[in-house]
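A closer look at the structure
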Amino acid sequence: MERLSISKFWRIRKLHYTLAYSKCKKCGYAFYPPKHVCPKCGSSDLEQRTPPREGKLISWTKLHEVPFYFEDQKPIYIGLVNLGEVNVMAQIVDVLSEDELREGAEMEMVFRRVKQDGTAGLIYYGMKFRPAHRSGSSKQGQ
Amino acid sequence: MRVFITGYGLSKISRWFGETLEDLAFKSVKDIENKGGELREIDALIVANSFGGILQSQNLLSSLIAEDIGFSGKLTMTVENGGASGASAILTASSLVKSGLAKNVLVIGVEKMSDYIGSVFNHSISTFMNAEHEAFYGSTLASGFAILARSYLSKYKYSEEDLGAWPILMHENALDVPHAQLKFKITEEQVNSSDIVSSPLRVLHSPPVSDGSAAVIVSAEDSSIPKEKRLAEIKFGYLSSHLMELSLRENLEEFYALKCVKDALEKGSSIDIKKVDLIEISDDYTISAPIIIEGLGLSDKGSGLRSILDGRYRLGDKPSINVTGGTKSRGHPFGATGVYQVAEVTSLLSDGKVKGARVNGELGLVVSMGGIGTVLSGILLEKV
(Lines give C-alpha, C1' and ligand atoms only; values in the text may rest on other atoms or scores of the structure.)
Protein backbone atom coordinates (compact mmCIF):
# COMPACT_ATOMS: atom_id res chain seq x y z
CA MET A 1 0.00 0.00 0.00
CA GLU A 2 1.29 3.45 -0.86
CA ARG A 3 2.13 5.57 2.16
CA LEU A 4 0.99 9.13 1.86
CA SER A 5 3.23 11.83 3.25
CA ILE A 6 1.78 14.61 5.37
CA SER A 7 1.57 18.09 3.82
CA LYS A 8 4.67 20.22 4.33
CA PHE A 9 2.30 22.99 5.39
CA TRP A 10 1.58 21.03 8.57
CA ARG A 11 4.85 22.14 10.18
CA ILE A 12 4.15 25.83 9.73
CA ARG A 13 0.38 25.84 10.24
CA LYS A 14 0.47 27.34 13.72
CA LEU A 15 2.61 30.26 12.58
CA HIS A 16 0.24 30.98 9.73
CA TYR A 17 -2.85 30.74 11.92
CA THR A 18 -1.56 33.16 14.57
CA LEU A 19 1.39 35.04 12.98
CA ALA A 20 3.24 34.24 16.22
CA TYR A 21 6.52 36.14 16.34
CA SER A 22 9.78 35.78 18.23
CA LYS A 23 11.11 38.08 20.90
CA CYS A 24 14.68 37.98 22.10
CA LYS A 25 14.93 37.53 25.87
CA LYS A 26 18.42 39.02 25.86
CA CYS A 27 18.06 42.25 23.88
CA GLY A 28 14.29 42.53 23.56
CA TYR A 29 14.21 42.68 19.76
CA ALA A 30 11.01 41.27 18.25
CA PHE A 31 10.81 39.85 14.74
CA TYR A 32 8.67 38.00 12.20
CA PRO A 33 9.11 35.56 10.58
CA PRO A 34 10.98 33.57 13.24
CA LYS A 35 14.70 32.74 13.10
CA HIS A 36 16.75 30.45 15.29
CA VAL A 37 18.82 33.36 16.51
CA CYS A 38 18.01 37.02 17.11
CA PRO A 39 18.90 39.10 14.02
CA LYS A 40 20.08 41.91 16.33
CA CYS A 41 22.22 40.26 19.00
CA GLY A 42 22.62 36.64 17.90
CA SER A 43 21.10 35.16 21.04
CA SER A 44 19.06 31.97 20.66
CA ASP A 45 17.19 32.62 23.90
CA LEU A 46 13.87 33.53 22.30
CA GLU A 47 10.22 33.39 23.28
CA GLN A 48 7.18 33.17 21.06
CA ARG A 49 4.50 35.83 21.30
CA THR A 50 1.15 36.33 19.69
CA PRO A 51 0.67 39.68 17.94
CA PRO A 52 -2.37 41.90 18.34
CA ARG A 53 -5.05 41.38 15.69
CA GLU A 54 -5.04 45.02 14.66
CA GLY A 55 -2.24 47.02 13.13
CA LYS A 56 -1.28 49.85 10.80
CA LEU A 57 -0.42 49.77 7.11
CA ILE A 58 3.15 50.81 6.25
CA SER A 59 3.23 50.35 2.47
CA TRP A 60 1.28 48.33 -0.09
CA THR A 61 0.92 47.31 -3.69
CA LYS A 62 -1.71 45.88 -6.00
CA LEU A 63 -0.01 42.95 -7.74
CA HIS A 64 -1.41 42.10 -11.17
CA GLU A 65 1.36 39.74 -12.27
CA VAL A 66 0.78 36.92 -9.78
CA PRO A 67 2.39 33.47 -9.37
CA PHE A 68 0.26 30.61 -10.77
CA TYR A 69 -1.22 29.66 -7.38
CA PHE A 70 -2.90 33.07 -7.26
CA GLU A 71 -4.22 33.30 -10.82
CA ASP A 72 -7.81 32.86 -9.62
CA GLN A 73 -7.47 35.74 -7.13
CA LYS A 74 -5.66 38.35 -9.22
CA PRO A 75 -5.05 41.16 -8.80
CA ILE A 76 -4.07 40.82 -5.14
CA TYR A 77 -3.17 43.50 -2.65
CA ILE A 78 -0.03 42.91 -0.62
CA GLY A 79 0.99 45.14 2.24
CA LEU A 80 3.51 45.56 4.98
CA VAL A 81 1.54 45.83 8.23
CA ASN A 82 2.88 46.96 11.60
CA LEU A 83 1.54 44.88 14.51
CA GLY A 84 3.10 46.73 17.41
CA GLU A 85 6.49 45.12 17.96
CA VAL A 86 6.74 43.49 14.53
CA ASN A 87 5.96 44.03 10.88
CA VAL A 88 4.32 41.39 8.70
CA MET A 89 4.09 41.08 4.92
CA ALA A 90 0.56 39.98 4.18
CA GLN A 91 -2.28 39.99 1.72
CA ILE A 92 -4.79 42.80 2.12
CA VAL A 93 -8.37 41.82 1.30
CA ASP A 94 -11.86 43.36 1.14
CA VAL A 95 -10.49 46.61 -0.26
CA LEU A 96 -13.46 48.68 -1.40
CA SER A 97 -11.40 51.67 -2.44
CA GLU A 98 -7.65 52.31 -2.55
CA ASP A 99 -8.33 55.42 -0.46
CA GLU A 100 -8.51 52.94 2.43
CA LEU A 101 -4.85 52.05 1.89
CA ARG A 102 -3.20 55.21 3.16
CA GLU A 103 0.06 54.88 5.07
CA GLY A 104 -0.98 54.44 8.70
CA ALA A 105 -4.46 53.10 7.85
CA GLU A 106 -5.78 50.70 10.49
CA MET A 107 -5.91 47.05 9.49
CA GLU A 108 -7.45 44.00 11.16
CA MET A 109 -6.47 40.36 10.85
CA VAL A 110 -8.86 37.94 9.16
CA PHE A 111 -8.65 34.17 8.66
CA ARG A 112 -8.87 33.36 4.95
CA ARG A 113 -8.13 30.84 2.27
CA VAL A 114 -4.65 31.51 0.85
CA LYS A 115 -4.43 29.03 -2.03
CA GLN A 116 -5.36 25.50 -3.03
CA ASP A 117 -3.75 22.57 -4.80
CA GLY A 118 -6.00 22.27 -7.82
CA THR A 119 -9.63 21.20 -7.49
CA ALA A 120 -9.13 18.08 -5.35
CA GLY A 121 -6.04 18.97 -3.30
CA LEU A 122 -5.30 20.72 -0.05
CA ILE A 123 -6.73 24.10 0.77
CA TYR A 124 -4.27 26.32 2.62
CA TYR A 125 -5.52 28.89 5.10
CA GLY A 126 -3.75 31.76 6.80
CA MET A 127 -4.10 35.27 8.12
CA LYS A 128 -4.79 38.23 5.88
CA PHE A 129 -5.66 41.81 6.72
CA ARG A 130 -8.51 44.11 5.82
CA PRO A 131 -9.23 47.77 6.48
CA ALA A 132 -10.55 48.05 10.06
CA HIS A 133 -13.33 50.03 11.69
CA ARG A 134 -15.45 50.11 8.61
CA SER A 135 -19.18 50.08 9.13
CA GLY A 136 -20.40 46.50 8.72
CA SER A 137 -17.04 44.84 9.45
CA SER A 138 -17.06 42.65 12.52
CA LYS A 139 -14.32 43.27 15.05
CA GLN A 140 -12.71 39.83 14.89
CA GLY A 141 -13.25 39.30 11.21
CA GLN A 142 -15.49 36.24 11.42
CA MET B 1 48.29 37.71 -7.03
CA ARG B 2 46.75 40.05 -9.60
CA VAL B 3 43.69 38.77 -11.46
CA PHE B 4 42.65 39.78 -14.97
CA ILE B 5 39.76 39.44 -17.37
CA THR B 6 41.41 38.08 -20.51
CA GLY B 7 38.37 37.48 -22.67
CA TYR B 8 34.65 38.06 -22.86
CA GLY B 9 31.79 36.85 -25.02
CA LEU B 10 28.21 38.03 -25.33
CA SER B 11 25.09 36.70 -27.00
CA LYS B 12 22.11 38.84 -27.87
CA ILE B 13 19.47 38.83 -25.16
CA SER B 14 16.03 37.98 -26.48
CA ARG B 15 13.31 35.38 -26.17
CA TRP B 16 15.11 32.41 -27.70
CA PHE B 17 12.31 29.87 -27.98
CA GLY B 18 14.33 27.72 -30.38
CA GLU B 19 17.45 27.40 -28.22
CA THR B 20 18.41 25.42 -25.13
CA LEU B 21 20.59 26.52 -22.20
CA GLU B 22 23.51 24.72 -23.88
CA ASP B 23 22.84 26.49 -27.20
CA LEU B 24 22.91 29.88 -25.50
CA ALA B 25 26.03 29.07 -23.48
CA PHE B 26 27.81 27.86 -26.61
CA LYS B 27 27.05 31.14 -28.38
CA SER B 28 28.75 33.25 -25.70
CA VAL B 29 31.74 30.88 -25.56
CA LYS B 30 32.16 31.12 -29.35
CA ASP B 31 31.97 34.89 -29.07
CA ILE B 32 35.00 34.87 -26.75
CA GLU B 33 37.00 33.46 -29.66
CA ASN B 34 35.42 35.89 -32.13
CA LYS B 35 36.66 38.72 -29.93
CA GLY B 36 40.18 37.34 -29.72
CA GLY B 37 40.00 35.49 -26.40
CA GLU B 38 42.04 32.36 -25.69
CA LEU B 39 40.05 29.26 -24.67
CA ARG B 40 42.78 26.60 -24.87
CA GLU B 41 44.27 27.23 -21.45
CA ILE B 42 41.03 27.00 -19.43
CA ASP B 43 41.36 24.75 -16.38
CA ALA B 44 38.07 25.41 -14.54
CA LEU B 45 34.48 26.24 -15.47
CA ILE B 46 31.92 28.03 -13.35
CA VAL B 47 28.36 28.39 -14.61
CA ALA B 48 26.16 31.14 -13.17
CA ASN B 49 22.48 30.31 -13.41
CA SER B 50 19.49 30.93 -11.18
CA PHE B 51 16.44 29.18 -12.66
CA GLY B 52 17.70 26.06 -14.44
CA GLY B 53 16.52 23.87 -11.57
CA ILE B 54 13.03 25.38 -11.60
CA LEU B 55 12.36 26.24 -15.24
CA GLN B 56 14.40 23.67 -17.15
CA SER B 57 14.39 20.96 -14.42
CA GLN B 58 18.16 20.93 -14.82
CA ASN B 59 20.58 20.84 -11.92
CA LEU B 60 24.32 20.08 -12.24
CA LEU B 61 24.18 22.52 -15.14
CA SER B 62 27.94 23.16 -15.19
CA SER B 63 28.60 19.46 -15.82
CA LEU B 64 26.16 19.42 -18.72
CA ILE B 65 27.63 22.57 -20.27
CA ALA B 66 31.20 21.38 -19.67
CA GLU B 67 30.63 18.28 -21.76
CA ASP B 68 28.68 20.25 -24.35
CA ILE B 69 31.61 22.58 -25.00
CA GLY B 70 34.23 19.81 -24.85
CA PHE B 71 35.57 20.54 -21.38
CA SER B 72 35.78 17.12 -19.79
CA GLY B 73 37.24 15.82 -16.55
CA LYS B 74 38.01 19.20 -15.01
CA LEU B 75 36.86 21.41 -12.15
CA THR B 76 33.29 22.63 -12.76
CA MET B 77 30.60 24.10 -10.53
CA THR B 78 27.31 25.97 -10.78
CA VAL B 79 26.68 29.11 -8.75
CA GLU B 80 23.18 30.28 -7.82
CA ASN B 81 22.78 33.61 -6.05
CA GLY B 82 19.75 35.16 -7.76
CA GLY B 83 20.55 38.23 -9.84
CA ALA B 84 24.00 38.23 -8.25
CA SER B 85 24.83 34.70 -9.50
CA GLY B 86 27.10 36.05 -12.24
CA ALA B 87 29.02 38.32 -9.91
CA SER B 88 29.25 35.50 -7.35
CA ALA B 89 30.65 33.17 -10.02
CA ILE B 90 33.27 35.75 -11.04
CA LEU B 91 34.27 36.32 -7.40
CA THR B 92 34.56 32.53 -6.98
CA ALA B 93 36.66 32.35 -10.15
CA SER B 94 38.90 35.10 -8.85
CA SER B 95 39.33 33.20 -5.58
CA LEU B 96 40.18 29.95 -7.40
CA VAL B 97 42.83 31.84 -9.33
CA LYS B 98 44.25 33.51 -6.23
CA SER B 99 44.35 30.20 -4.39
CA GLY B 100 46.40 28.64 -7.18
CA LEU B 101 43.83 25.93 -7.88
CA ALA B 102 43.27 27.27 -11.39
CA LYS B 103 45.08 29.65 -13.73
CA ASN B 104 42.28 30.46 -16.15
CA VAL B 105 38.64 30.09 -15.22
CA LEU B 106 35.86 30.27 -17.77
CA VAL B 107 32.73 31.81 -16.24
CA ILE B 108 29.54 31.34 -18.23
CA GLY B 109 26.33 33.06 -17.16
CA VAL B 110 23.26 31.57 -18.80
CA GLU B 111 19.52 31.86 -18.24
CA LYS B 112 16.31 31.04 -20.07
CA MET B 113 13.30 32.79 -18.56
CA SER B 114 10.86 32.74 -21.46
CA ASP B 115 9.96 29.04 -21.67
CA TYR B 116 6.70 29.39 -19.78
CA ILE B 117 3.67 31.64 -19.38
CA GLY B 118 3.77 34.73 -17.16
CA SER B 119 2.43 33.13 -14.00
CA VAL B 120 5.32 30.63 -14.01
CA PHE B 121 7.81 33.48 -14.45
CA ASN B 122 6.04 35.26 -11.57
CA HIS B 123 6.37 32.12 -9.46
CA SER B 124 10.08 31.94 -10.33
CA ILE B 125 10.72 35.49 -9.13
CA SER B 126 8.80 34.73 -5.93
CA THR B 127 11.54 32.24 -5.02
CA PHE B 128 13.76 35.17 -3.99
CA MET B 129 11.32 35.84 -1.14
CA ASN B 130 10.97 33.71 2.01
CA ALA B 131 9.01 30.76 0.54
CA GLU B 132 7.08 29.79 3.65
CA HIS B 133 6.09 33.32 4.61
CA GLU B 134 6.19 36.10 2.01
CA ALA B 135 5.93 34.01 -1.15
CA PHE B 136 3.32 31.77 0.49
CA TYR B 137 0.93 34.74 0.33
CA GLY B 138 1.74 35.62 -3.27
CA SER B 139 4.65 38.07 -2.92
CA THR B 140 7.13 38.27 -5.79
CA LEU B 141 10.13 40.45 -6.59
CA ALA B 142 7.74 42.83 -8.35
CA SER B 143 5.44 43.26 -5.34
CA GLY B 144 8.40 43.67 -3.00
CA PHE B 145 10.04 46.34 -5.14
CA ALA B 146 6.63 48.01 -5.52
CA ILE B 147 6.26 48.23 -1.75
CA LEU B 148 9.74 49.81 -1.58
CA ALA B 149 8.89 52.16 -4.42
CA ARG B 150 5.69 53.41 -2.79
CA SER B 151 7.54 53.93 0.45
CA TYR B 152 10.44 55.77 -1.26
CA LEU B 153 8.16 58.03 -3.31
CA SER B 154 6.07 58.89 -0.27
CA LYS B 155 8.98 59.48 2.13
CA TYR B 156 10.93 61.70 -0.25
CA LYS B 157 7.93 63.45 -1.87
CA TYR B 158 8.17 62.25 -5.46
CA SER B 159 5.35 61.50 -7.87
CA GLU B 160 4.90 58.12 -9.54
CA GLU B 161 5.66 59.82 -12.87
CA ASP B 162 9.14 60.75 -11.57
CA LEU B 163 10.13 57.08 -11.83
CA GLY B 164 9.86 57.32 -15.62
CA ALA B 165 13.12 59.23 -16.11
CA TRP B 166 15.24 56.14 -15.45
CA PRO B 167 13.66 53.68 -17.94
CA ILE B 168 13.64 56.41 -20.60
CA LEU B 169 17.40 56.88 -20.09
CA MET B 170 18.03 53.12 -20.07
CA HIS B 171 16.22 52.69 -23.39
CA GLU B 172 18.29 55.51 -24.92
CA ASN B 173 21.48 53.93 -23.61
CA ALA B 174 20.74 50.53 -25.16
CA LEU B 175 20.06 51.85 -28.68
CA ASP B 176 23.64 51.26 -29.88
CA VAL B 177 24.34 48.11 -27.82
CA PRO B 178 24.39 45.06 -30.13
CA HIS B 179 23.46 42.48 -27.50
CA ALA B 180 20.69 44.51 -25.79
CA GLN B 181 17.15 43.13 -25.76
CA LEU B 182 15.04 46.31 -25.98
CA LYS B 183 16.56 48.63 -28.55
CA PHE B 184 13.90 51.28 -28.96
CA LYS B 185 13.15 54.66 -27.41
CA ILE B 186 10.26 55.13 -25.03
CA THR B 187 8.45 58.31 -24.02
CA GLU B 188 7.17 59.54 -20.68
CA GLU B 189 3.61 59.01 -21.92
CA GLN B 190 4.36 55.40 -22.87
CA VAL B 191 5.91 54.69 -19.47
CA ASN B 192 3.01 56.19 -17.56
CA SER B 193 0.31 54.51 -19.60
CA SER B 194 1.93 51.05 -19.73
CA ASP B 195 0.16 48.23 -17.87
CA ILE B 196 0.59 48.05 -14.12
CA VAL B 197 2.67 45.10 -12.94
CA SER B 198 2.47 45.90 -9.24
CA SER B 199 1.34 49.42 -8.37
CA PRO B 200 3.02 51.89 -8.63
CA LEU B 201 5.35 49.90 -10.90
CA ARG B 202 4.42 49.42 -14.54
CA VAL B 203 5.63 47.23 -17.38
CA LEU B 204 8.01 49.96 -18.55
CA HIS B 205 9.56 50.23 -15.08
CA SER B 206 10.24 46.48 -15.11
CA PRO B 207 12.91 44.32 -16.71
CA PRO B 208 11.85 42.24 -19.71
CA VAL B 209 11.66 38.44 -19.63
CA SER B 210 15.10 37.53 -20.94
CA ASP B 211 17.07 34.60 -22.32
CA GLY B 212 20.80 35.07 -22.75
CA SER B 213 24.33 34.06 -22.04
CA ALA B 214 27.57 35.93 -21.41
CA ALA B 215 31.02 34.59 -20.61
CA VAL B 216 34.35 35.89 -19.30
CA ILE B 217 37.77 34.38 -18.72
CA VAL B 218 39.31 35.14 -15.32
CA SER B 219 43.08 34.67 -15.42
CA ALA B 220 45.96 34.65 -12.99
CA GLU B 221 48.87 37.05 -13.35
CA ASP B 222 51.17 34.08 -14.07
CA SER B 223 48.78 32.36 -16.46
CA SER B 224 50.13 31.22 -19.82
CA ILE B 225 47.65 33.47 -21.59
CA PRO B 226 49.76 36.28 -23.10
CA LYS B 227 49.76 39.69 -21.41
CA GLU B 228 48.35 41.43 -24.47
CA LYS B 229 45.11 39.50 -23.99
CA ARG B 230 44.49 41.23 -20.65
CA LEU B 231 41.49 43.53 -20.94
CA ALA B 232 40.88 44.66 -17.35
CA GLU B 233 42.14 43.89 -13.88
CA ILE B 234 39.80 42.80 -11.09
CA LYS B 235 41.04 45.20 -8.39
CA PHE B 236 38.69 44.03 -5.69
CA GLY B 237 35.43 42.22 -5.23
CA TYR B 238 33.07 41.63 -2.35
CA LEU B 239 29.56 40.37 -1.71
CA SER B 240 27.20 40.63 1.22
CA SER B 241 23.74 39.42 2.06
CA HIS B 242 21.27 40.87 4.52
CA LEU B 243 17.71 40.18 5.71
CA MET B 244 15.60 38.63 2.98
CA GLU B 245 12.28 39.69 4.50
CA LEU B 246 11.12 43.28 4.08
CA SER B 247 9.23 42.86 7.35
CA LEU B 248 12.57 42.76 9.17
CA ARG B 249 14.16 45.81 7.53
CA GLU B 250 14.47 48.91 9.66
CA ASN B 251 14.57 51.12 6.62
CA LEU B 252 12.79 50.11 3.44
CA GLU B 253 14.49 52.75 1.32
CA GLU B 254 18.05 51.48 1.57
CA PHE B 255 19.95 48.21 1.15
CA TYR B 256 22.12 47.47 4.16
CA ALA B 257 23.98 44.76 2.20
CA LEU B 258 25.19 47.49 -0.17
CA LYS B 259 26.65 49.47 2.72
CA CYS B 260 28.62 46.34 3.71
CA VAL B 261 29.88 45.97 0.14
CA LYS B 262 30.79 49.66 -0.19
CA ASP B 263 32.71 49.64 3.10
CA ALA B 264 34.60 46.47 2.14
CA LEU B 265 35.42 47.77 -1.35
CA GLU B 266 36.71 51.11 -0.17
CA LYS B 267 38.73 49.55 2.62
CA GLY B 268 40.05 46.66 0.55
CA SER B 269 40.97 48.66 -2.54
CA SER B 270 41.73 52.07 -0.98
CA ILE B 271 39.67 53.50 -3.83
CA ASP B 272 36.92 56.05 -3.16
CA ILE B 273 33.83 55.01 -5.11
CA LYS B 274 33.37 58.66 -6.12
CA LYS B 275 36.55 58.27 -8.21
CA VAL B 276 35.03 55.49 -10.34
CA ASP B 277 34.31 56.55 -13.94
CA LEU B 278 31.88 53.91 -15.07
CA ILE B 279 29.34 52.04 -12.97
CA GLU B 280 27.02 49.22 -13.91
CA ILE B 281 24.19 48.60 -11.43
CA SER B 282 21.28 46.19 -11.10
CA ASP B 283 18.43 48.64 -11.63
CA ASP B 284 15.69 46.05 -11.09
CA TYR B 285 12.21 47.56 -11.30
CA THR B 286 13.64 51.09 -11.62
CA ILE B 287 13.39 51.87 -7.89
CA SER B 288 16.65 49.98 -7.31
CA ALA B 289 18.53 52.61 -9.32
CA PRO B 290 18.09 55.57 -6.93
CA ILE B 291 18.46 53.32 -3.89
CA ILE B 292 21.78 51.91 -5.14
CA ILE B 293 23.01 55.33 -6.33
CA GLU B 294 22.37 56.66 -2.82
CA GLY B 295 23.86 53.56 -1.19
CA LEU B 296 27.09 54.03 -3.14
CA GLY B 297 27.32 57.56 -1.74
CA LEU B 298 26.88 59.21 -5.15
CA SER B 299 23.93 61.21 -3.91
CA ASP B 300 22.31 62.03 -0.57
CA LYS B 301 19.55 59.85 0.90
CA GLY B 302 16.32 60.64 -0.90
CA SER B 303 17.96 62.64 -3.67
CA GLY B 304 18.97 59.74 -5.92
CA LEU B 305 15.83 60.04 -8.01
CA ARG B 306 16.23 63.83 -8.10
CA SER B 307 19.74 63.44 -9.50
CA ILE B 308 18.37 61.11 -12.21
CA LEU B 309 15.62 63.64 -13.02
CA ASP B 310 18.34 66.33 -13.20
CA GLY B 311 20.01 64.38 -16.03
CA ARG B 312 22.97 62.90 -14.18
CA TYR B 313 24.86 59.66 -14.98
CA ARG B 314 24.65 59.85 -18.77
CA LEU B 315 27.57 58.77 -20.94
CA GLY B 316 30.35 61.30 -20.30
CA ASP B 317 29.21 62.18 -16.77
CA LYS B 318 31.32 60.99 -13.84
CA PRO B 319 30.25 58.46 -13.01
CA SER B 320 28.27 57.35 -16.01
CA ILE B 321 25.87 54.61 -14.97
CA ASN B 322 24.40 51.77 -17.03
CA VAL B 323 25.48 53.12 -20.41
CA THR B 324 24.52 49.73 -21.91
CA GLY B 325 20.90 49.94 -20.76
CA GLY B 326 20.82 48.14 -17.42
CA THR B 327 18.43 45.33 -16.57
CA LYS B 328 15.65 47.50 -17.94
CA SER B 329 16.80 47.61 -21.52
CA ARG B 330 19.85 45.41 -22.02
CA GLY B 331 17.68 42.74 -20.40
CA HIS B 332 17.81 40.70 -17.21
CA PRO B 333 18.60 36.99 -17.66
CA PHE B 334 18.99 36.76 -13.88
CA GLY B 335 21.81 34.25 -13.38
CA ALA B 336 23.69 35.64 -16.37
CA THR B 337 23.19 39.35 -15.65
CA GLY B 338 26.31 39.80 -13.52
CA VAL B 339 28.49 38.23 -16.23
CA TYR B 340 26.95 40.58 -18.81
CA GLN B 341 27.70 43.51 -16.51
CA VAL B 342 31.34 42.55 -15.99
CA ALA B 343 31.80 41.80 -19.72
CA GLU B 344 30.28 45.19 -20.61
CA VAL B 345 32.45 47.19 -18.23
CA THR B 346 35.51 45.23 -19.37
CA SER B 347 34.67 46.06 -22.97
CA LEU B 348 33.93 49.72 -22.27
CA LEU B 349 37.33 50.09 -20.54
CA SER B 350 39.21 48.21 -23.28
CA ASP B 351 37.92 47.66 -26.83
CA GLY B 352 34.59 49.51 -26.60
CA LYS B 353 32.89 46.91 -28.80
CA VAL B 354 29.69 46.83 -26.72
CA LYS B 355 28.97 50.47 -27.52
CA GLY B 356 30.98 51.32 -30.61
CA ALA B 357 33.73 53.16 -28.72
CA ARG B 358 35.60 52.81 -25.48
CA VAL B 359 34.73 55.07 -22.60
CA ASN B 360 37.17 57.58 -21.17
CA GLY B 361 38.23 56.48 -17.74
CA GLU B 362 40.30 54.00 -15.83
CA LEU B 363 37.96 52.55 -13.22
CA GLY B 364 34.72 50.61 -13.50
CA LEU B 365 32.43 49.15 -10.87
CA VAL B 366 29.82 46.42 -11.26
CA VAL B 367 27.05 46.22 -8.66
CA SER B 368 24.84 43.14 -8.96
CA MET B 369 21.81 42.36 -6.83
CA GLY B 370 19.96 39.22 -5.84
CA GLY B 371 16.43 39.49 -4.44
CA ILE B 372 15.25 42.81 -3.06
CA GLY B 373 18.61 44.09 -1.86
CA THR B 374 19.08 40.70 -0.16
CA VAL B 375 22.40 40.10 -1.89
CA LEU B 376 24.60 42.91 -3.20
CA SER B 377 27.99 42.53 -4.80
CA GLY B 378 30.66 44.92 -5.99
CA ILE B 379 33.43 44.17 -8.48
CA LEU B 380 35.96 46.90 -9.12
CA LEU B 381 37.65 46.75 -12.52
CA GLU B 382 40.61 48.76 -13.78
CA LYS B 383 41.73 49.38 -17.33
CA VAL B 384 44.93 47.50 -18.14
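The following refers to the structure shown. (Residues numbered from 1 in each chain as written. Chains lettered and ligands numbered in written order. Predicted model: local features only at pLDDT ≥ 70, side-chain atom pairs only at ≥ 80, totals over all residues. Heavy atoms only, no water.)

**Observations concerning the sheet that holds strand β8 (residues 232-241) of chain B**
Residues and elements named next belong to chain B. A sheet is described by the order of its strands in space; here 10 strands give the open sequence β3-β2-β4-β7-β1-β8-β12-β11-β9-β10, paired in mixed fashion. Edge positions in the sheet fall to β3 (75-79) and β10 (320-321), since each has one partner strand and no second. Here five bridges tie strand β2 (residues 44-48) to β3, and the two strands are oriented parallel to one another. Its bridge partner lying in β3, V47 is registered against T78. Lying over the sheet, helix α4 (residues 85-99) contacts β1 (3-10), β2, β3, β4 (104-112), β7 (211-220), β8, β11 (363-370) and β12 (375-383), oriented at roughly 160 degrees with respect to β2. (Pairing = 2+ DSSP bridges. Helix = DSSP H or I, 4+ residues; strand = E, 2+ residues; numbered from the N terminus. Contact = heavy atoms within 4.5 Å. Axes fitted to C-alpha atoms, helices over the stretch in contact; angles between N-to-C directions.)

**Thoughts on the interface of chain A and chain B**
Between chain A and chain B, the contact holds 40 residues from the first and 33 residues from the second. Carbon and sulfur atoms make up 60% of the surface buried where chain A meets chain B, a total of about 3,100 Å² over both sides. The largest share of the area that chain A buries against chain B comes from E65, F68 and M89 of chain A, three residues that together contribute 19% of it. Linking chain A to chain B there are three salt bridges. E250 of chain B is the partner of K40 of chain A in a salt bridge, and the nearest nitrogen-oxygen pair spans 2.2 Å. Linking chain A with chain B are 20 residue pairs in polar contact (both at pLDDT 80 or more), by the criterion used here. Taken together, the elements giving at least two residues each to the side of chain A that touches chain B come down to α1 (13-18), β4 (54-63), β5 (76-83), β6 (86-92), β7 (106-116) and β8 (123-131) of chain A. Counting residues per element, the side of chain A that touches chain B draws most heavily on β4 of chain A, which supplies six residues. Among the residues forming the side of chain A that touches chain B, the class breakdown is 24 nonpolar, eight polar and eight charged. (Buried area = accessible area lost by both parts, 1.4 Å probe. Salt bridge = Lys/Arg side-chain N within 4 Å of Asp/Glu carboxyl O. Polar contact = N/O pair within 3.5 Å; in protein donor to acceptor, adjacent residues only side chain to side chain. Nonpolar A, V, L, I, M, F, W, Y, C, P; charged D, E, K, R; others polar.)

**Some details on the nonpolar core**
Across soluble globular proteins, nonpolar side chains have a tendency to be buried as a group. Residues and elements named next belong to chain B. Counting residues in hydrophobic clusters, the biggest one holds 71 residues, and the most contacted among them are F145, I281 and L296. When residues of this core are assigned to their parent elements, the largest contribution, nine residues, is made by helix α6 (residues 141-155). Sequence-distant contacts of I281, that is, excluding residues within four places in its chain, are made with W166, A289, I292, I293, L296, I321, N322, Q341 and V367. Listed in part, the 40 residues of the second largest apolar core include A44, A89, L278 and V342. (Core = buried A, V, L, I, M, F, W, Y, C linked by side-chain atoms within 4.5 Å. Buried < 20%, exposed > 50% of the residue type's maximum accessible area, 1.4 Å probe, protein only.)

**Description of a negative patch on the surface**
A surface patch of like charges, here negative, comprises E160, E161, E188 and E189 of chain B. Relative to the assigned elements, E188 of chain B resides in helix α8 (residues 188-193). (Patch = residues over 30% accessible without salt bridge, like charges linked within 9 Å, V, L, I, M, F, W, Y side chains within 5 Å. Areas by Shrake-Rupley, 256 points an atom, 1.4 Å probe, with all protein chains shown as cover. Lys, Arg positive; Asp, Glu negative; His and termini not counted. Charge placed at Lys NZ, Arg CZ, Asp CG, Glu CD.)

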